[in-house]
Amino acid sequence: MYETAYARPRTLEEAVELLQSDEDAKCLAGGMTYVPTLKQRLAMPSLLVDLSRLLSRDIAVADGFLTIGAGARHVDVQRSQIVRETLPALAELAGLIGDPMVRNRGTIGGSLSNNDPAADYPSAALALDAQITTTKQQYAAADFLSGMFETLLDDDEIVTHVRFKIPVCAAYSKFASKASGYAVAGAFVARFDDDVRVAITGAGPCVFRADQLEEALKGDFNVWALKGKTIEPEGLLSDMHADAEYRAALAVEMTKRAVHQITGA
Amino acid sequence: MFTDDVKLTNPLHVAFVRSQIASGEIVELETEDALEAEGVAAVHTGADVADLGSLSVNPVLPIKHLPPFSVLAQATVRGLGQPVAAVLGETALQAADAAELVYAEIEPTESSPILVAEKNWSNAQYEEAAAKADHVVSCTIQHPRLAPSPMEPRSIAAAYDAETDCVTVWHSTQTPHRTRSELAAILGIEAKRIRVIAPHVGGAFGMKASLYPEDVFVVWAALKHKRDVKWTATRSEEFLSATHGRGIKSEGELALSSDGTFLGLKAMVEGPVGAWLPNSGLITAWNAARVLPSGYAVPAQDITTQAVMNNLGPTGIYRGAGRPEANCLMERLIDKAAAVSGIDPVELRRKNLIPATALPHNTLTGNTLDSGDYAKALDVLCEAVDYPALLAEQTRCRAEGQLVGIGIGFYLEPSGNGWETARVTLNEDGSVVVASGSSSQGHGRETAFAQIAADALNIDIDQISVLLADTAKTPEGIGALASRSTAIGGSAVLKACEEITSRLEASEALPITADVRYENKGQAWGYGAYLAQVSICRSTGELSVERITCVDDTGTIVNPKLVEGQILGGLAQGLGEALMESIVYDEDGQLLTGSFMDYAMPRAADIPTIDIHKFETPSPMNALGAKGVGEAGTIGAPAAILNAAVDALRPLGVTDLTMPLTSQSLWRAIRSAEQGKS
């Protein structure tokens, strides 16, 4: 990596000030994406603002919502009794991220702020209509996760909490890359009293909702309802690991598996 | 202690500036900015090392055109990642920062493949045999290019001694004595000025059997600047510039009569080599041809192999080194022959394997198959898996619409030829020191050699210490490669111990030292048969290997645990080739798989249930009777898995698949087969 300055502020206000003081400053939470980027000399920040001991790791339930502090490690979510009881699909998703080393360091806030098109959390955020709270304001996940590695975050803005709407039931199914473990395609299916939401990660440049699959499942929440339903490959990612057509097929298949996990048939 | 852990005195660190163009002419190389950077001691380019000699290349094939060996590129760049300049910095970070300040303008040039070496073995009857055959089957196998990826990357540390003007070199290598002799030859200095130590080596797999241009530069720089110098490759540099394995394309045709008797084999092997060749640069293309037609009797043969230079990364031996390629071609051809003739694949193999009574057998390609009972490997395998029950179960699963396959891979594994040394000393206090010219990279060689000596001298194993991989303390030797160390190095230890015993009996006083240079009578040929059971998911193409059953005859076994470890490790790497590993370049010759984010290595969870069975037929070729086993798994597993995958999709009409068997490629094969039908 290149030589860089490092700061560990004690408060969020201090962190924001540091970010404002230097336009090439970058904040760091678990560092599970950014540290490898630095090691490969693919980024040259002038200042690293370490948030890892600063952000809340609290997990709480109130009024039909599950709120998780942005500093919660994947392992915190995976093992949280509260998450396991109220939103077990999210605990399972967290347990599928990376490997134990990554889960011990990586944070939910970092993952959503990075918005990797193949990351797991964005699918849960979109399917569970999450509210993302930052040092400046609140966003709906659908707005916040705006594009490939893009969010609505300003350079001096930090995610502090994520609030998920608790569904009747939900499941996540992921087809992981043999190399990286990231989703080649992953589907988070959430069933609410009056709605069904299906969010697909990995397949496109940014997490998206599969409208046709949602419509079919609203009519009949069953694997059979998805028979013959497809996702349009146009606009999906194509690379040496998987082309758009294959990703589209995998996204439908992962949706079926998630529904199957819920219905058990 | 690994090489990177060696504490040097105020060493210089090397960072290489590498070509980002595969083929081109250097029009400008601007080093001034780098030289002025903080902490930079020197920047070197091709001109500084133009007079150095070349690495020797083992001429197992007749060489037509040998690409030049350049420590730093001269006027021409011939391979992606080739070092064009080197920066020596007081710290690794300063060297890396300054390397980015070197401006290299390289004008891309068109390049075409160059034939480096070629050989044909033919008894001129193949066309005749094919003409009278009832069936002729053919196939082409393009092996993926693989990154050997030992956990420890390349690393070298040179300590300069001003008093003697000598260097001590710690090198992560399989062949410390070769490092010394090659360095002496390339640098044009006396070998006695170089001491080479291979400390703990974190895996090698053939990738560390030779010197690299980067290694030569480090030692040259230490002597030039009269300072300690070190370099450890990054993982990215390993993907780009360490030797790759496989990448071979083999095409074959097998002619047989209606009763299944093999009549003739025609094979064409093409092996890629890079901008420069390591010592064993031609071994892979040679093995991929000369191990044909494996353990089968085939009257008419026409086998050609070529080593062809291209401008991708360098290639070299990688665990198996041509053996998987030869066996894979044969085993695929046999499964295709079984499919067209309607003969059971096991039966067809058994019918054509060279019988035990016909061994030793001289092959057209110049080998002597030494000993064993090849068909017995199949018999033991069929009994171990209950083959008839397995077939019945497959029929049942297929009736339910499942895609399940059974694949068999018989294999031969020739192990190295030649000599190795041992120096055994029996001290007055009863302790024994075994020094060997061979080396160890986690094989457990120290245990095996101590066991051999303990048995031969009839003393407790705790009395024995083993010395390896230090040219100042061990006799000159070859090193650990070609699955040769136990068979040849172990035999040398045995012979030295026998000499001590007879000198003791002649009442010689202690200490007694026996120096032995043991040469084997010829290659020992391990062999075996593997069976893979796989299932493939119709909707995702995902392949699961349910179970692999192995039968290996590795000759006399010194230590069963170590043999099992070799089989398991080799099998994991064979599974990697079969299912996921592949180096990929784009159309412009740029490397796409530059990290483990894109290059898939098997993890522990990818390894299926493995059953290992073995029996022992001693080899008459060495004193121990041992055969090689280091490469067994990498040879047997890909052939068995590939055959099983094709077998799984056979009901859909699929006849050929290409490794790695990724889920996407299988999904596509299933889809096109199903669309073709509808």
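This section reports on the structure supplied with the text. Worth saying up front: this structure is predicted, and the values here are computed from it rather than measured.

**Points about the overall build of chain A**
Reasoning step 1: Counting its secondary structure elements, chain A contains eleven helices and 14 strands.
Reasoning step 2: The principal-axis extent of the C-alpha atoms belonging to chain A is close to 55 × 45 × 30 Å.
Reasoning step 3: Counting every position in chain A, which comprises 265 residues, the buried fraction comes to 53%.
Reasoning step 4: Of the contacts formed within chain A by residues at least 6 apart in sequence, a portion of 58% connects residues at least 24 apart.
Reasoning step 5: Accessible area of chain A: about 11800 Å², with a carbon and sulfur share of 48%.

**Observations regarding the overall build of chain B**
Reasoning step 1: The helix and strand tally for chain B stands at 16 helices and 27 strands.
Reasoning step 2: Computed over C-alpha atoms, the radius of gyration of chain B comes to 26 Å, within 12% of the 26 Å expected from 2.2 N^0.38 for 678 residues, which places it in the range of a compact globule.
Reasoning step 3: Relative to its full complement of 678 residues, chain B shows a buried share of 61%.
Reasoning step 4: Within chain B, residue pairs in contact and separated by at least 24 positions form 82% of the contacts whose partners lie at least 6 positions apart.
Reasoning step 5: Taken as a whole, chain B presents about 24300 Å² of accessible surface, with 50% of it coming from carbon and sulfur.
Reasoning step 6: In chain B, 51 positive and 83 negative side-chain charges are present, and the distance between their average locations comes to 4 Å.

**A closer look at the pairing of strand 2 (residues 25–28) of chain A**
Regular strands place side chains that alternate from one sheet face to the opposite one.
Reasoning step 1: Alignment of strand 2 of chain A against strand 3 (residues 47–50) of chain A, held across four bridges, turns out to be parallel. In the strand pairing of strand 3 of chain A, Lys-26 of chain A is matched with Leu-48 of chain A.

**Some words on helix 1 (residues 12–21) of chain A**
All names here are of chain A.
Reasoning step 1: Regarding helix 1, the residues found buried are Ala-15, Val-16 and Leu-19. Within helix 1, the buried residues cover an arc of 95° as seen down the axis, which keeps them to one side. Across from the buried face of helix 1, at angles greater than 90 degrees, the exposed residues are Glu-13, Glu-17, Gln-20 and Ser-21.
Reasoning step 2: Each element contacted by the buried residues of helix 1 is listed here: strand 2 and strand 3.

**Things to note about the side chain of Arg-445 of chain B**
Residue and element names in this part refer to chain B.
Reasoning step 1: If you trace the backbone, Arg-445 turns up in helix 12 (residues 445–457).
Reasoning step 2: In this structure Arg-445 is buried but unpaired, with Glu-446 as the nearest side chain of opposite charge at 6.9 Å.
Reasoning step 3: Beyond its immediate chain neighbours, meaning those up to four positions away, Arg-445 contacts Ser-438, Ser-439, Ser-440, Leu-468, Ala-480, Ser-485 and Thr-486.

**Details of the pairing of strand 2 (residues 24–30) of chain B**
Reasoning step 1: Sheet analysis places strand 2 of chain B next to strand 4 (residues 76–77) of chain B, joined by two bridges and oriented antiparallel. From the neighbouring strand, Gly-24 of chain B faces strand 4 of chain B, where its bridge partner is Val-77 of chain B.

**Considerations on the nonpolar core**
Among soluble globular proteins, nonpolar side chains are generally buried collectively.
Reasoning step 1: Of all hydrophobic cores here, the largest spans 111 residues; its most connected members are Ile-641, Leu-649, Leu-657 and Leu-661 of chain B.
Reasoning step 2: With twelve residues, helix 15 (residues 632–649) of chain B is the single largest residue contributor to this core.
Reasoning step 3: Residue-level mapping places this core at the junction of two domains, with at least three residues from each of domain 1 (1–352) and domain 2 (353–414 + 524–678) of chain B.
Reasoning step 4: Judged by nonpolar contacts, the second largest core, of 51 residues, contains Ala-25, Val-77, Ile-108 and Tyr-139 of chain A.

**Description of the packing of aromatic side chains**
Reasoning step 1: By the definition in use, this model includes 18 aromatic pairs over all chains.
Reasoning step 2: For the ring pair Tyr-212 of chain B and Trp-276 of chain B, a centre distance of 5.5 Å and an interplane angle of 75° mean the geometry is edge-to-face. Linking Tyr-212 of chain B in the loop between strand 12 (194–197) and helix 5 (213–225) with Trp-276 of chain B in the loop between strand 16 (262–273) and helix 7 (283–290), this pair joins segments that are 64 residues apart in sequence.
Reasoning step 3: We classify Trp-276 of chain B as buried; its relative accessible area is 9%.
Reasoning step 4: For the ring pair Tyr-374 of chain B and Tyr-527 of chain B, a centre distance of 4.7 Å and an interplane angle of 65° mean the geometry is edge-to-face. Within this pair, whereas Tyr-374 of chain B is found in helix 10 (residues 374–385), its partner Tyr-527 of chain B is found in strand 25 (residues 525–536), the two being separated by 153 residues in sequence. Both residues of the pair, Tyr-374 of chain B and Tyr-527 of chain B, belong to the buried class.
Reasoning step 5: The structure contains a cluster of three or more aromatic residues connected by ring pairs, namely Phe-262, Tyr-296, Tyr-374, Phe-410, Tyr-527 and Phe-615 of chain B.
Reasoning step 6: The ring of Tyr-2 of chain A is capped by Arg-41 of chain A, whose NZ or CZ atom sits 4.2 Å from the centre of that ring.
Reasoning step 7: Its end group placed over the ring of Trp-286 of chain B, Arg-290 of chain B keeps NZ or CZ at 4.1 Å from the ring centre.

Conventions and cut-offs
Think of each chain on its own: its residues are numbered from 1, step by step along the sequence as written. Both sets of labels track the order of writing: A upward for chains, 1 upward for ligands. Whole-chain, interface and lining totals are the exception, using all residues; otherwise, since this is a predicted model, local features are given only for residues with pLDDT of at least 70 and side-chain atom pairs are given and counted only at 80 or more. Each side-chain value is worked out from all heavy atoms of the structure, with water and hydrogens disregarded. In this text, helices come from DSSP runs of H or I with a minimum length of four residues, and strands from runs of E with a minimum of two, each type numbered from the N-terminal end. Only protein chains enter the calculation, and the probe is 1.4 Å; a residue is then buried if its accessible area is under 20% of its type maximum, exposed if over 50%, and partly exposed in between. It only takes one pair of heavy atoms within 4.5 Å for two residues to be counted as in contact. Accessible areas in this description were obtained via Shrake-Rupley with a 1.4 Å probe; residue shielding takes into account the shown protein chains only. When we talk radius of gyration, it's over C-alpha atoms, and the globule rule is simply 2.2 Å times the number of residues to the 0.38. In summary, the charge assignment counts Lys and Arg as positive and Asp and Glu as negative, without counting His or the chain termini. The atoms used to mark charge sites are NZ of Lys, CZ of Arg, CG of Asp and CD of Glu. At least two bridges found by DSSP between two strands are what make those strands a pair. Throughout, the arc means the angular range of directions from the helix axis out to the C-beta atoms. Salt-bridge detection follows one rule: a side-chain nitrogen of Lys or Arg within 4 Å of a carboxyl oxygen of Asp or Glu. Nine residue types can take part in a nonpolar core, namely buried Ala, Val, Leu, Ile, Met, Phe, Trp, Tyr and Cys, and a core is a set of them joined through side-chain atoms within 4.5 Å. An automatic or database domain assignment is the source of the domain bounds shown. Pairing of aromatic side chains requires ring centres within 6.5 Å, counting the rings of Phe and Tyr and the six-membered ring of Trp. Pairs whose planes differ by under 30 degrees are stacked, by over 60 edge-to-face, and all others tilted. By the criterion adopted, a ring carries a charge over it if an Arg CZ or a Lys NZ lies within 6 Å of its centre and within 35 degrees of its normal.

Keep in mind that these numbers describe shape and distance, not what the molecule does.
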